[in-house]
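Report on the structure
Here are the chains, one letter per residue:
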Amino acid sequence: MPMVASKFMASDRHRYTKENDHRPKYGVRQQEDILEQFRRQVFQEDIVREGDSIGTDDLTLLRFLRARKFNLDEAKKMIKGAQQWRKTVAGVGIDELYNQLDIFDYPGREQVFRSWSMFFHKAHKMGRPLNIEFLRGCDLTELYKHITPEKHWETIVTTTETLARKIIPTASRAAGHDIGGVFIIVDLKGIRFWQVKSLVQASFQMSQDYYPETMAKLAIVNAPSSFTFIWSIVKPWLAKETAEKVDVLGSDYQGVLLQLVDAENLPTTLGGKCTCEHAGGCDLSGAGPWRDERLARSAQATKQSASSSFQSTSKHEGNLGTPVADGPSNVDPGTNTPADDTTP
């Protein structure tokens with residue numbers, strides 16, 4: 001058993017706090033043995049292959065095991081279903097969809113956010129990324145004048161894929177430990193529930209079936225007086241373990257959120273101090289360690305490209321036999337390369 005598995009399974013001892021008390025049925029040693037069997041069987045049965053984008057690391061496999069209470073047969077059935085869905089979703093498969101649609105920058109993004117703002121933003125005190133959703137005033141009729149229902153659903157699917165593929169791993173690296181999932185905050189102020197009912201149900205179903213154990217906690221704020229009725233409809237859609245992770249708050253929620261999230265990381269619209277004014281608002285900023293890594297990769301790629309271009313140009317000029325003056329050059333060839341002009 002790899003050390004990483006033991007490390008992260010041992011972390012269950014402090015992951016299952018009062019905030020998220022769903023204790024595993026098996027001890028760490030038993031979990032290790034079951035994980036070993038699970039890994040061997042999903043590869044032998046060709047359910048998972050090395051390099052599959054669903055993830056073949058211990059943490060990914062453990063998510064499916066935890067979702068099925070370490071029942072090997074049920075966990076295999078679940079991950080097999082997820083793999084089949086990933087091949088066919090949106091008619092192109094999840095890998096093609098993920099490569100086509102960048103959730104941080106796609107046509108119509110600002111218009112989508114005016115009706116259904118769903119974004120990742122920094123982290124709470126335990127390092128879990130915040131996934132904030134504003135459904136206030138959600139008007140799908142108006143939204144679908146600017147984007148098709150199919151394209152809107154694809155943004156929701158790709159956002160969930162990005163959570164599992166990029167956001168959680170990046171947040172875990174930044175925190176120095178497995179953060180165990182995302183902390184979701186949903187603002188229901190002014191919600192038109194019957195308009196979004198089908199989308200909300202489909203989103204919950206997708207997350208539970210194909211991205212298990214990625215939600216650590218869900219806080220519903222500004223729940224309207226009619227929410228008791230709404231919850232009676234929503235709750236049957238959820239697995240028992242998922243429903244137990246939901247906290248329903250009214251309009252006096254700021255104190256609760258600030259116990260979990262530093263004010264500097266919480267948008268002002270939810271009672272915090274963050275505005276991300278430089279980026280046009282917290283919803284559009286993408287602020288968090290995933291953005292930092294993204295910018296670092298982009299800067300590195302730009303520098304490498306500029307360096308390659310300079311070397312290629314220098315080699316080409318050398319091959320042309322460009323004459324060199326006897327005296328000193330008026331331009332220092334090392335001071336004006338594209339890399340020097342690039343802002344990281």
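A brief report on the enclosed structure follows. Nothing here was measured: the structure is a model prediction, and the numbers come from that model. (Residues numbered from 1 in each chain as written. Predicted model: local features only at pLDDT ≥ 70, side-chain atom pairs only at ≥ 80, totals over all residues. Heavy atoms only, no water.)

This part covers the overall build of the chain. A count of helices and strands for the chain gives 16 helices and five strands. Classification of the 344 residues of the chain by burial places 46% in the buried group. Across the chain, the fraction of contacts at a sequence separation of at least 24, relative to all contacts at a separation of at least 6, is 73%. Approximately 18,200 Å² of the chain is accessible, and the part contributed by carbon and sulfur atoms is 50%. (Helix = DSSP H or I, 4+ residues; strand = E, 2+ residues; numbered from the N terminus. Buried < 20%, exposed > 50% of the residue type's maximum accessible area, 1.4 Å probe, protein only. Contact = heavy atoms within 4.5 Å. Areas by Shrake-Rupley, 256 points an atom, 1.4 Å probe, with all protein chains shown as cover.)

The next point concerns the side chain of Glu161. Along the chain, the position of Glu161 falls in helix 9 (residues 149–175). Only 2.9 Å separates the side chain of Glu161 from the side chain of Arg86, close enough to count as a polar contact. In contact with Glu161, not counting residues within four places along its chain, are Ser53, Arg86, Ile94, Tyr98 and Tyr211. (Polar contact = N/O pair within 3.5 Å; in protein donor to acceptor, adjacent residues only side chain to side chain.)

Turning our eyes to something else, we now look at the state of the cysteines. In total, this model carries zero disulfides according to the counting rule given. Considering cysteine sulfurs only, Cys274 is the nearest to Cys276, which forms no disulfide, with 3.6 Å between them. Judged by its relative accessible area of 7%, Cys276 falls in the buried class. (Disulfide = S-S within 2.5 Å.)

Time to look at the packing of aromatic side chains. One pass over the full model with this rule turns up seven aromatic pairs. Relative to Trp194, the ring of Phe193 lies with its centre 5.3 Å away and its plane at 70 degrees, an arrangement referred to as edge-to-face. Note on Trp194: relative accessible area 57%, which makes it exposed. Ring centres of Trp194 and Phe229 lie 6.2 Å apart, and the angle between their planes is 55 degrees; on these two criteria the pair is classed as tilted. Placement of Trp194 in helix 10 (residues 193–210) and of Phe229 in helix 11 (residues 227–234) is noted, with a sequence separation of 35 residues between them. Grouping residues by exposure puts Trp194 and Phe229 together as exposed. These aromatic residues form a ring-pair network of at least three members: Trp85, Tyr210 and Tyr211. Positioned over the ring face of Tyr98 is Arg165, at 4.0 Å from the centre of the ring. (Phe/Tyr/Trp six-rings, centres within 6.5 Å; stacked < 30°, edge-to-face > 60°. Lys NZ or Arg CZ within 6 Å of the ring centre and 35° of its normal.)

Take helix 3 (residues 28–44) next. The first and last C-alpha atoms of helix 3 sit 24 Å apart over 17 residues, in line with the 24 Å expected at 1.5 Å per residue. What helix 3 keeps buried is the set Val28, Gln31, Glu32, Ile34, Leu35, Phe38, Gln41 and Val42. In the stretch just after helix 3, Asp46 is the one whose phi turns positive, near 60 degrees. (Expected span 1.5 Å × (residues − 1).)

The subject of this paragraph is the sheet that holds strand 4 (residues 215–221). Strand order in the open sheet made by the five strands is 1-2-3-4-5, with mixed pairing throughout. In this open sheet, the two strands that pair with only one neighbour each are strand 1 (117–123) and strand 5 (246–248). Mean inter-strand twist for the sheet, computed between neighbouring axes without regard to direction, equals 20 degrees. Pairing analysis gives five bridges linking strand 1 to strand 2 (residues 129–134), with the strands arranged antiparallel. Directly across from Phe120, in strand 2, lies its bridge partner Asn131. (Pairing = 2+ DSSP bridges. Axes fitted to C-alpha atoms, helices over the stretch in contact; angles between N-to-C directions.)

Our next topic: the packing of helix 10 against helix 11. As a packed pair, helix 10 and helix 11 sit with axes 11 Å apart at the nearest point and diverge in direction by 35 degrees. The two elements helix 10 and helix 11 meet at a crossing, and its hand is right-handed. The segment helix 10 lies against helix 11, with Phe193, Trp194, Lys197 and Phe204 engaging Phe229, Ile230, Ile233 and Val234. Taken together, the residues of the contact of helix 10 with helix 11 sort by class into seven nonpolar, no polar and one charged. (Left-handed = near helix turned anticlockwise from the far one by under 90°. Nonpolar A, V, L, I, M, F, W, Y, C, P; charged D, E, K, R; others polar.)

The next subject is the environment of Glu32. Note that Glu32 resides in helix 3. There is a polar contact of 2.7 Å between the side chain of Glu32 and the side chain of Arg29.

The next point concerns the pairing of strand 2. With six of six residues buried, strand 2 is to be regarded as a mostly interior element. Of the two faces of strand 2, the one holding Pro129, Asn131 and Glu133 and the one holding Leu130, Ile132 and Phe134 are both buried throughout. Here strand 1 folds back onto strand 2, and the loop between the two strands holds five residues, one of which, Gly127, carries a positive phi near 95 degrees.

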